[in-house]
Amino acid sequence: MDAMSVHTPAAGPAHRAGFACFVGRPNAGKSTLTNALVGKKVAITADQPQTTRHTVRGIVHREDAQLILVDTPGLHKPRTLLGERLNDVVRTTWAEVDVIGFCLPANEKIGPGDRFIAKELASIKKTPKIAVVTKTDLVDSKRLAEQLIAIDQLGKELGIEWAEIVPVSAVGAKQVDLLADLLIPLLPEGPALYPEGDLTDEPEQVMVAELIREAALEGVRDELPHSIAVVVEEMLPREDRPADKPLLDIHAFVYIERPSQKGIIIGPKGKRLKDVGIKSRKQIEALLGTPVYLDLHVKVAKDWQRDPRQLRKLGF
């Protein structure tokens, strides 16, 4: 090696690339934040806790860095086999990422659910942690200041050293870029891990299923919060179409746990299922950039959340 080359100054700051994940109890604003950072809808957002079941990765491309966001399900006290599997997924993910953002909503006091997660976080020593105060658009500055102090205290109490404590409002896009600026220096140096233009590495079929599931949950959250799973059976371009008028045929099944739930999903005279189809089709077309024919059917998979064989079949 040429001795001279050792002292050559590097041209500009080194490129960084790595993984970050947002954690927090269900409905703490994790998916909304992922979407705001990526600028395109990749993780599903719903008012019903525990809607994110797949690890959806959003990718933020910058000149000097690539930030890959891993969206884990909310950690919670498990009541079913599905719940236990989700929690295992969470812990494995935390140990593998380069930085963790702990989301705490500004409009709710720190509760037992937050403490449960913070204790788990405290046991993961090496990974840097940023506390992200979400939903700041819902509170005044006095309440926000109280929450920032409470989070600082929580860290001291459990021996967590926050790399930063950042207030954000993904809805008003406040501070979202600042959050990316704070996450990026905590990533390792290295080349981009995904080609530019990629926003997520989830297979398209999984993302399509998530969009349908989100639309299906829309009016029935109270009645069927966790009983819906969606499987896309096939996605095929319609044959005999001119190149300038493509059409993608998508056949999907909406699975529920009990026959009595069928009427709730389908709605009077099939209206609700039709609305689900219209709403999700628009989003799928926006995601895939092509016109879509969506064929939806509702099926009963008895007590699928407690049955390992069915969980596997439905992709968990």
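For the structure itself, consult the block above.
Residues numbered from 1 in each chain as written. Predicted model: local features only at pLDDT ≥ 70, side-chain atom pairs only at ≥ 80, totals over all residues. Heavy atoms only, no water.

Trainee: Can you lay out the overall build of the protein for me, pointing to particular residues and giving the numbers?
Mentor: When you go through the protein residue by residue, the secondary structure sums to nine helices and nine strands. Going through the 316 residues of the protein one by one, you find that 48% of them count as buried. (Helix = DSSP H or I, 4+ residues; strand = E, 2+ residues; numbered from the N terminus. Buried < 20%, exposed > 50% of the residue type's maximum accessible area, 1.4 Å probe, protein only.)

Trainee: Can you explain the nonpolar core? Please cite residues and give values.
Mentor: If you look at the biggest cluster of nonpolar residues, it comprises 27 residues, and the most contacted ones within it are I212, I228, I250 and I284. Among the elements of the structure, α6 (204-217), β7 (229-237), β8 (248-256), α8 (271-288) and β9 (292-300) are those that each provide at least two residues to this core. What I284 contacts, discounting residues up to four positions off in sequence, is V208, L211, I212, I250, G289, V292 and L294. Counting residues in each nonpolar core, the second largest holds 24 residues, with A28, L37, V38 and I130 among its members. (Core = buried A, V, L, I, M, F, W, Y, C linked by side-chain atoms within 4.5 Å. Contact = heavy atoms within 4.5 Å.)

Trainee: Give a description of the pattern of salt bridges that names residues and reports values.
Mentor: Here the structure, examined in full by the defined rule, presents 12 salt bridges. Notably, a salt bridge pairs R143 with E146, separated by 3.7 Å at the nearest N-O pair. Highlighted residues: R143 and E146, both in helix α4 (residues 141-158), separated by three residues, approximately one helical turn. Given the relative accessible area of 17%, R143 is considered buried. Overlapping salt bridges, with partners in common, bring together R25, E108 and D114 in one network. (Salt bridge = Lys/Arg side-chain N within 4 Å of Asp/Glu carboxyl O.)

Trainee: Lay out the sheet that holds β9 with the relevant residues and their values.
Mentor: On the basis of which strands lie adjacent, the open sheet formed by three strands has the order β7-β8-β9 and mixed pairing. A strand with exactly one partner marks an edge of an open sheet, and here the two such strands are β7 and β9. Direction aside, neighbouring strands of the sheet carry axes that sit 15° apart on average. Note: β8 against β9, nine bridges, orientation parallel. (Pairing = 2+ DSSP bridges. Axes fitted to C-alpha atoms, helices over the stretch in contact; angles between N-to-C directions.)

Trainee: An account of the environment of L138 is needed here, citing residue identities and associated values.
Mentor: Structurally, the position occupied by L138 is in the loop between β5 (129-134) and α4. For L138, a relative accessible area of 52% gives the class exposed. Expressed as a C-alpha distance, the spacing of L138 and E108, which sit 30 residues apart in the sequence, is 9.9 Å.

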